[in-house]
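Coordinate inspection notes
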Amino acid sequence: MPYFITMNKTLTFLLICLTTFTFGQNTEKIKHFEQKNVTINIIQKDCINKQKGIEKQYYFIEIINNNPSSVNISFKKEVWYNNVCQSCNSQSNEYKVNITVAANSSVIGDCNSDNKSLSIFSKMLNLDKVRKLSKYELKNINVEIIK
């Protein structure tokens, strides 16, 4: 009987840890665009690395290609911080995305990626008096199927 109680407590503890880990991650997925069997989702995620003192929130761009062929996708990111558009009149490549996605696959930005083209910085989570993302748009989305 004591073994059963100990195992029951262990399972309960593991279940609580798993639930906390699963729901403790701040993520939200929004379908932003769909055309020619290509879907673009926007995923809000907190990127926290306590050892490096990094606590940032991003919107990551996920591109899903459900075609039997590769696709080229291009668009411009327009971002507003504190209600001021930072990229609207910019010709900088920083805000332009041009990417090839292989057949029946996907690409997504993430916290550890050096390629920032599939991310939109939102805010610092550990600082209050810094700029914050107030709006974003993906403009002129073009999907070209490679034959």
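For every chain, the first residue of the written sequence is number 1, and numbering continues from 1 onward in sequence order. Residues qualify for local features only when their pLDDT is at least 70, as the model is predicted, and side-chain atom pairs are given and counted only at 80 or more; totals for whole chains, interfaces and linings, by contrast, use all residues. Note: side-chain values were computed over all heavy atoms of the structure, leaving out hydrogens and water.

Locating Ile146 in the fold gives a position in the segment after β9 (133–145). Once the C-alpha coordinates of Ile146 and Val71 are considered, the two residues, 75 residues apart in sequence, prove to be 5.4 Å apart. Residues are treated as being in contact if the distance between any of their heavy atoms lies within 4.5 Å. Residue contacts for Ile146: discarding those within four places in its chain leaves Ser69, Ser70, Val71, Asn72 and Thr100. Each helix corresponds to a stretch of at least 4 residues labelled H or I by DSSP, and each strand to a stretch of at least 2 residues labelled E; elements are numbered beginning at the N terminus.

Attention shifts here to the state of the cysteines. The term disulfide is used for any two cysteine sulfur atoms that are within 2.5 Å. One pass over the structure, following the stated rule, counts two disulfides. A disulfide bridge connects Cys47 with Cys111, and the sulfur atoms are separated by 1.9 Å. The sign of the S-S torsion, about -75°, decides the handedness of the disulfide formed by Cys47 and Cys111: left-handed. Highlighted residues: Cys47 in strand β2 (residues 38–49) and Cys111 in the loop between β7 (105–108) and β8 (119–124), separated in sequence by 64 residues. For every residue, the accessible area obtained with a 1.4 Å probe (protein chains only) is divided by the maximum for its type, and the residue is called buried under 20%, exposed over 50%, and partly exposed between those limits. The class of Cys47 is buried, set by a relative accessible area of 7%. Relative accessible area serves as the criterion here: at 29%, Cys111 is assigned to the partly exposed category. For the chain, the bonded cysteines connect in the pattern 1-4, 2-3 when numbered consecutively along the sequence.

Glancing now at unusual backbone geometry. Of note in this structure, Asn37 is not a glycine but carries a positive phi near 60°. Its location among the elements puts Asn37 in the loop between β1 (27–35) and β2. The backbone phi angle of Asn140 is positive, close to 55°, even though this residue is not glycine. By the secondary structure assignment, Asn140 is in strand β9. You can call Asn140 exposed: its relative accessible area is 68%.

Looking now at the nonpolar core. Nonpolar side chains in soluble globular proteins generally cluster together in the buried interior. Residues belong to one nonpolar core when they are buried, are Ala, Val, Leu, Ile, Met, Phe, Trp, Tyr or Cys, and are joined through side-chain atoms within 4.5 Å. Among the nonpolar cores identified, the biggest contains 27 residues, and Ile40, Ile61, Ile63, Ile73, Phe75 and Ile120 are the most heavily contacted of them. Listed by contribution, the elements that provide at least two residues to this core are β2, β3 (54–65), β4 (71–81), β6 (96–101), β8 and β9.

All right, on to the packing of aromatic side chains then. Classification of ring pairs rests on two measures: the distance between centres of Phe, Tyr or Trp rings, Trp counted by its six-membered ring, which must be within 6.5 Å, and the angle between planes, read as stacked under 30 degrees, edge-to-face over 60 and tilted in between. A complete count under the given rule lists four aromatic pairs for this structure. Between Tyr58 and Phe121, the ring centres sit 5.7 Å apart and the planes meet at 75°, which makes this aromatic pair edge-to-face. Placement of Tyr58 in strand β3 and of Phe121 in strand β8 is noted, with a sequence separation of 63 residues between them. We note that Tyr58, like Phe121, is buried. Centre to centre, the rings of Tyr81 and Phe121 are 6.4 Å apart; their planes meet at 35°, and the pair counts as tilted. Of the two residues, Tyr81 sits in strand β4 while Phe121 sits in strand β8, which places them 40 residues apart along the sequence. Members of the aromatic cluster, connected to one another through ring pairs, are Tyr58, Phe60, Tyr81 and Phe121. Just above the ring of Tyr81 sits the side chain of Arg131; from NZ or CZ to the centre is 4.0 Å. The ring of Trp80 is capped by Lys135, whose NZ or CZ atom sits 4.5 Å from the centre of that ring. By definition here, charges over rings are those cases where NZ of Lys or CZ of Arg is within 6 Å of the ring centre and within 35 degrees of the ring normal.

Turning next to the confidence of the model for the chain. Looking at any residue, its pLDDT shows the predictor's confidence there, from 0 to 100. Confidence along the chain averages 85 in pLDDT terms, with 82% of residues attaining 70 or more. Here residues 6–24 scores under 50 on pLDDT; set against residues more than four positions off or in separate chains, the count is one contact.

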